[in-house]
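Analysis of the macromolecular model
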Amino acid sequence: MPKGRPNTMNNYGVLLHELGLDEPLVTPLRERFLQPLMALLYPDCGGGWLDSHSAFVVKYAPGQDRELGCHYDNAELTLNVALGKAFTGGALYFGDLFQAPSALARPLEVEHVVGRGILHQGGQLHGARPLGTGERWNLVVWLRASAVRNRLCPMCCRKPELVDDDGFGDGFTREEPTTVDACALT
Ligand SMILES: O=C(O)CCC(=O)C(=O)O
Ligand SMILES: [Fe+2]
């Protein structure tokens, strides 16, 4: 079975598409539940135009990854669900959008509670404080809107250069979704 790292920062965990869980689980979750919610909460960040994702579980444990450095996601919007197990430490912290001056001046610290989910903009600076004890497993869904990212890559802030890729790739598309109202995408 292929086993990639969940993303370029986390060393432990699993990509859900490698488990065959995109079609039966993550795509319906995105289309039926997350998109309607995100359309209301984040209409200006592509919340109503989500058309792909990258979903993975990240694992923190003694002797493995213990913390996550400050970063922003390759996503327009992110869902982060605390799956377990029992742990201390590992609080998430959030700053402002990465382009903002002093984006991390007054970070908001959030103790994640098992069974709860946190939604945030992908471009918000964030990270995870060191794990104290136990193991922390989180489901992270990077939600992507090609209508937004096709115009400007959220990672390098340039017009994307497209290459062919498998599956959803990084969520860019050669053709625009037909239903997009460009005026909403400010
Ligand atoms: O450790 C966490 O829960 C945060 C993970 C995260 O920020 C990410 O994978 O983008
Ligand atoms: Fe992240």
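Presented here is a report on the structure given in the accompanying data block. (Residues numbered from 1 in each chain as written. Chains lettered and ligands numbered in written order. Predicted model: local features only at pLDDT ≥ 70, side-chain atom pairs only at ≥ 80, totals over all residues. Heavy atoms only, no water.)

Observations regarding the site of ligand 1
Near ligand 1 you find 15 residues, and of these Y60, D73, N80, H126 and R136 are the closest. At a separation of 3.1 Å, an oxygen atom of ligand 1 approaches a polar side-chain atom of H71. Here H126 contributes a side-chain N or O atom positioned 3.1 Å from an oxygen atom of ligand 1. Taken together, the elements giving at least two residues each to the shell around ligand 1 come down to β2 (52–60), β3 (68–71), β9 (124–128) and β11 (136–144). (Near = heavy atom within 4 Å. Polar contact = N/O pair within 3.5 Å; in protein donor to acceptor, adjacent residues only side chain to side chain. Helix = DSSP H or I, 4+ residues; strand = E, 2+ residues; numbered from the N terminus.)

Examining the packing of aromatic side chains
Applying the stated criterion to the full structure yields two aromatic pairs. Seen in terms of ring centroids, Y72 and F98 are 3.6 Å apart; in terms of plane orientation they differ by 5°. Their pairing is stacked. You can see Y72 sitting in the loop between β3 and β4 (77–84) and its partner F98 sitting in the loop between β6 (92–97) and β7 (108–110), a full 26 residues away along the chain. Classification of Y72 as partly exposed rests on a relative accessible area of 24%. Its relative accessible area of 21% is what places F98 among the partly exposed residues. The ring of Y93 has R129 sitting right over it, with the charged end atom 3.9 Å from the ring centre. (Phe/Tyr/Trp six-rings, centres within 6.5 Å; stacked < 30°, edge-to-face > 60°. Buried < 20%, exposed > 50% of the residue type's maximum accessible area, 1.4 Å probe, protein only. Lys NZ or Arg CZ within 6 Å of the ring centre and 35° of its normal.)

As for the pairing of β11
Of all nine residues in β11, eight are buried; the element is thus mostly enclosed. Two elements, β2 and β11, share nine bridges in a ladder whose sense is antiparallel. Bridging from a neighbouring strand, V58 pairs with N138 of β11. (Pairing = 2+ DSSP bridges.)

Coordinates in, geometry out; function isn't part of it.
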